[in-house]
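# Fold and geometry: a report
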Amino acid sequence: ILGAGIAYIVNILMNFYERYYEIICRNAAICRLKRPMCLLLSFLSVFLVLVVLCQIIVPQLIACANVILKQFPEVIDVAYKWLEDRYQISAYLSEQVVEWTKNPLSLDGLLENAFSPALAGLGEAMSSIRGILASFGEVAFNVVVAIVFAVYLLARKERTLADVRKLSVRFV
């Protein structure tokens, strides 16, 4: 489906380039390359449009992230004050520190008790990172396959259209 969508978008540009390629083309050897040249120009045009959009959007996203990060300490202070007002979180934290120091068998035990929740969260974070990377790989693979499919459709679009008409006559 993605490949058909890409082919549809690129075909609009490809028709435009093919019309004007015939006007510009004077040499018979160059005219034989009409379809590959127009296909290449169409994909390059779409790629350049995407690059320009990224050049416009990415700086704005970075600016928004900077604003959020500058406001983050204030948000933490407000959240801590809210937790303190509602749940007296400082008493809970002091109880945890006392609990950790009651059993001073060794510094290793104290550090293990202090950092075990963080280390458990680290394993979950690594699992999440692995999942994100796997998803990114799947998306990249799907996009590459879609582009190959779109090139296949566009390289022989008249023949593909004739095949679709034959199928529709037989099955409809």
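Structure's up top.
Residues numbered from 1 in each chain as written. Predicted model: local features only at pLDDT ≥ 70, side-chain atom pairs only at ≥ 80, totals over all residues. Heavy atoms only, no water.

## Topic: the nonpolar core
Of all hydrophobic cores here, the largest spans 13 residues; its most connected members are Ile6, Val10, Leu39, Phe43 and Leu154. Listed by contribution, the elements that provide at least two residues to this core are helix H1 (2–24), helix H3 (34–87) and helix H5 (107–155). It is H1 that provides the largest number of residues to this core, a total of five residues. Ignoring sequence-local partners within four residues, the contact set of leucine 154 consists of Ala7, Val10, Asn11, Met14, Arg35 and Leu39. (Core = buried A, V, L, I, M, F, W, Y, C linked by side-chain atoms within 4.5 Å. Buried < 20%, exposed > 50% of the residue type's maximum accessible area, 1.4 Å probe, protein only. Helix = DSSP H or I, 4+ residues; strand = E, 2+ residues; numbered from the N terminus. Contact = heavy atoms within 4.5 Å.)

## Quick look at the layout of surface pockets
Estimates place the volume of the largest pocket at around 240 Å³. What lines the largest pocket is simply Ala4, Ala7, Tyr8, Asn11, Leu153, Leu154, Lys157, Glu158, Thr160, Leu161 and Val164. Listed by contribution, the elements that provide at least two residues to the lining of the largest pocket are H1, H5 and helix H6 (157–171). Ranked by residues supplied to the lining of the largest pocket, first place goes to H6 with five residues. Residues that form the lining of the largest pocket fall into these classes: seven nonpolar, two polar and two charged. Taken together, Ile6, Ile9, Val10, Phe43, Val46, Phe47, Leu50, Val143 and Ile147 form the lining of the second largest pocket. (1 Å grid on protein atoms, 1.4 Å probe; cavity = no way out; pocket = protein on both sides within 12 Å on 5 of 7 lines; lining within 4 Å. Points joined across faces, edges and corners; volume = space filled by probe spheres on them. Nonpolar A, V, L, I, M, F, W, Y, C, P; charged D, E, K, R; others polar.)

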